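Listed here are the chains, written in short residue letters.
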Amino acid sequence: MSPIMLSIILSSLALGTIITMASYHWLLAWIGLELNTLAIVPIIAKQHHPRATEATTKYFLTQAAASATVLFSSTINAWSTGAWDITQLTNQPACVLLTMALSMKLGLAPLHFWLPEVLQGTPLKTALIIVTWQKLAPLALLYLTQNSLSTTILLTMGLLSTLTGGWGGLNQTQMRKIMAFSSIAHLGWMTVILTLSPNIMLLNLALYILMTASTFLLLMFSSAKTIQDLTTTWMISPTMSAFMLMLLMSLGGLPPLTGFMPKWLILQELTTHSFCATATMMALSALLSLFFYLRLSYISTLTLAQSSTQASHKWRFQPNTVTTPTTTMIILSTLLLPITPMFT
């Protein structure tokens, strides 16, 4: 793809999200979502591979259906109330429809089936965009309409997502599918807390993007696409191998790492609102995710490749990637827990 075309597409991608986040009218928000979807389609499809074509088709159909449902729910609301403002969502069926549509856009369980499949058919860079930037517009709409949404539906879908993210990732060998299920689980945590404390949701989103982007940058650095590829990370860079261990533990939510902060605050908020059973289920579902993160960290850091070479380092050319941003993001992804009192 030519640099001019790529810059136009990426600008459209950014513009679509910004339009949705800044809009006050439902039609403008829908235009932003559509622009966002249409901009990423050529990015996914540019590989000219059957898998990329399949991923593009699945992504487009899912997102188009979800966008149409968003427009449908806003039309129902405008029909009954006469208001097109995003904050004036009062019609009950419209609220439920909107929740379902945005959940489908995000990939929340039980509407998550497209996400692992789409990620598996894309390169790591595109997968990074899908699991980070593409979540911003739907989450912005959920944040704007939080007062109108049903807490029960969001709690149920959030709990289902954390359990699905945990169970689904257990049996995977492909890194992109594992990261997709990790994304589903993290989005579950955000959904659960959305109506109870929106600010904690924003904090969780920021930390999720930070940790996921760091993980993807490390995977790009070591060109790891499967779990087996991770076994040779230490030969490429022992430092990166150690960073991978800390990063995976942070994603799993182990103290004293950054990933523990949102989980701690969310469980605290749930118990304050007397959702003790939900909080217990969420904490137990985090153990499922932690299991496959532990498995990954054990394989990447504590084991050797099955057919290890005699050389202590893997022979390769000097890498072109600049590692300074990656290192900075990894440090932030692991050592931010001490700033928690600022958010409580």
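Predicted model only: the values in this text are computed from it and were never measured. (Residues numbered from 1 in each chain as written. Predicted model: local features only at pLDDT ≥ 70, side-chain atom pairs only at ≥ 80, totals over all residues. Heavy atoms only, no water.)

*Asks:* Just give me the short version of the overall build of the chain, but keep the residues and values in it.
*Replies:* A count of helices and strands for the chain gives 16 helices and 0 strands. In terms of overall dimensions, the chain is globule-like: its C-alpha atoms have a radius of gyration of 20 Å, near the 20 Å expected for 344 residues. Each principal axis of the C-alpha atoms in the chain carries an extent, and together these give about 75 × 50 × 35 Å. Each of the 344 residues in the chain was classed as buried or not, and the buried ones make up 53%. For the chain, contacts bridging at least 24 residues in sequence account for 77% of all contacts bridging at least 6. (Helix = DSSP H or I, 4+ residues; strand = E, 2+ residues; numbered from the N terminus. Rg over C-alpha atoms; globule rule 2.2 N^0.38 Å. Buried < 20%, exposed > 50% of the residue type's maximum accessible area, 1.4 Å probe, protein only. Contact = heavy atoms within 4.5 Å.)

*Asks:* Got a sec to walk through unusual backbone geometry? Specific residues and values, please.
*Replies:* Of note, the bond from Ala109 into Pro110 is cis; its omega dihedral lies within 30 degrees of zero at 5°. Summarising the element assignment, Pro110 is placed in the loop between helix H4 (92-106) and helix H5 (114-120). With omega at 5°, the peptide bond leading from Pro255 into Pro256 counts as cis. Of note, Pro256 is situated in the loop between helix H13 (238-252) and helix H14 (260-272).

*Asks:* Quick rundown of the packing of helix H10 (residues 198-222) against H13? Include the residues and the values.
*Replies:* Direction vectors running N to C along H10 and H13 enclose 150°, while the axes themselves pass 10 Å from each other. As the angle between them shows, H10 and H13 are arranged roughly antiparallel. In terms of crossing hand, the pair formed by H10 and H13 is left-handed. Judged by residue contacts, Met211, Thr212, Ser214, Thr215, Leu218, Leu219 and Phe221 of H10 engage Met240, Phe243, Met244, Leu247, Ser250 and Leu251 from H13. A per-class count over the contact of H10 with H13 returns 9 nonpolar, 4 polar and no charged. (Axes fitted to C-alpha atoms, helices over the stretch in contact; angles between N-to-C directions. Parallel < 35°, antiparallel > 145°, perpendicular 65-115°, else oblique. Left-handed = near helix turned anticlockwise from the far one by under 90°. Nonpolar A, V, L, I, M, F, W, Y, C, P; charged D, E, K, R; others polar.)

*Asks:* Tell me what's going on with the domain arrangement of the chain, and back it up with residues and numbers.
*Replies:* Domain assignment breaks the chain into domain 1 (1-149) and domain 2 (199-305 + 323-343). Distance between the C-alpha centres of domain 1 and domain 2: 26 Å. Contact with domain 1, which involves 9 residues of that partner, is made by 12 residues of domain 2. Area buried by domain 1 at its contact with domain 2 is led by Leu124, Leu128 and Tyr143, which between them contribute 51% of it. On the surface where domain 1 and domain 2 come into contact, there are 0 salt bridges. The tally of links from domain 1 across to domain 2 stands at 1 residue pair in polar contact (both at pLDDT 80 or more). Among the elements that line the side of domain 1 that touches domain 2, the one with the most residues is helix H6 (residues 124-131), at 5 residues. (Domains from an automatic or database assignment. Buried area = accessible area lost by both parts, 1.4 Å probe. Salt bridge = Lys/Arg side-chain N within 4 Å of Asp/Glu carboxyl O. Polar contact = N/O pair within 3.5 Å; in protein donor to acceptor, adjacent residues only side chain to side chain.)

*Asks:* Before we move on, could you go through the nonpolar core and cite the residues and values that matter?
*Replies:* Considering soluble globular proteins, one finds that nonpolar side chains tend to be buried as a cluster. Counting 92 residues, the largest nonpolar core has Trp26, Ile130, Leu139, Leu219 and Leu270 as its most contacted members. Considering every element that reaches this core, the biggest residue donor is H10, with 13 residues. Among the domains, domain 1 (1-149) and domain 2 (199-305 + 323-343) are the pair contributing at least three residues each to this core. Leaving out residues up to four positions away in the same chain, Leu270 has contacts with Leu155, Val192, Leu196, Phe275, Ala279 and Met282. (Core = buried A, V, L, I, M, F, W, Y, C linked by side-chain atoms within 4.5 Å.)

*Asks:* Go over a nonpolar patch on the surface, please, and point to the residues and values.
*Replies:* There is a patch of nonpolar side chains on the surface, built from Met1, Ile4, Met5 and Ile8 and spanning about 410 Å² of accessible area. By the secondary structure assignment, Ile4 is in helix H1 (residues 3-22). (Patch = residues over 30% accessible without salt bridge, like charges linked within 9 Å, V, L, I, M, F, W, Y side chains within 5 Å. Areas by Shrake-Rupley, 256 points an atom, 1.4 Å probe, with all protein chains shown as cover.)

*Asks:* Now, about H10: what can you tell me, with residues and values included?
*Replies:* Side chains that are three or four residues apart share a direction in an α-helix, a result of its 3.6 residues per turn. Under the 1.5 Å per step criterion, the end-to-end length of H10 is 36 Å for 25 residues, consistent within 8% with the ideal 36 Å. With 19 of its 25 residues buried, H10 lies for the most part within the structure. One or two steps after H10, the chain reaches Ser223, where phi turns positive at roughly 50°. (Expected span 1.5 Å × (residues − 1).)

*Asks:* Kindly report on the packing of H4 against helix H8 (residues 151-170), identifying the contributing residues and their values.
*Replies:* Packing of H4 against H8 leaves a shortest axis separation of 11 Å and a crossing angle of 20°. In terms of their interaxial angle, H4 and H8 are classed as roughly parallel. Between H4 and H8 lies a crossing of right-handed hand. Here Val96, Thr99, Met100 and Ser103 of H4 come into contact with H8, specifically with Ile153, Leu154 and Met157. In the contact of H4 with H8, the residues fall into 5 nonpolar, 2 polar and no charged.

*Asks:* Hey, could you go over the UniProt feature "transmembrane region" (unreviewed entry) in the chain for me, with residue numbers and the actual values?
*Replies:* Look at the UniProt record and you will see "transmembrane region" (unreviewed entry) annotated at residues 57-76, 96-115, 151-171, 178-196, 202-221, 233-252 and 272-294. Taken end to end, residues 96-115 is 65% helix and 0% strand, and its two terminal C-alpha atoms sit 22 Å from one another. Helix makes up 95% of residues 151-171 and strand 0%, with an end-to-end C-alpha separation of 32 Å. (UniProt positions renumbered as here; feature names shortened; annotations may be inferred.)

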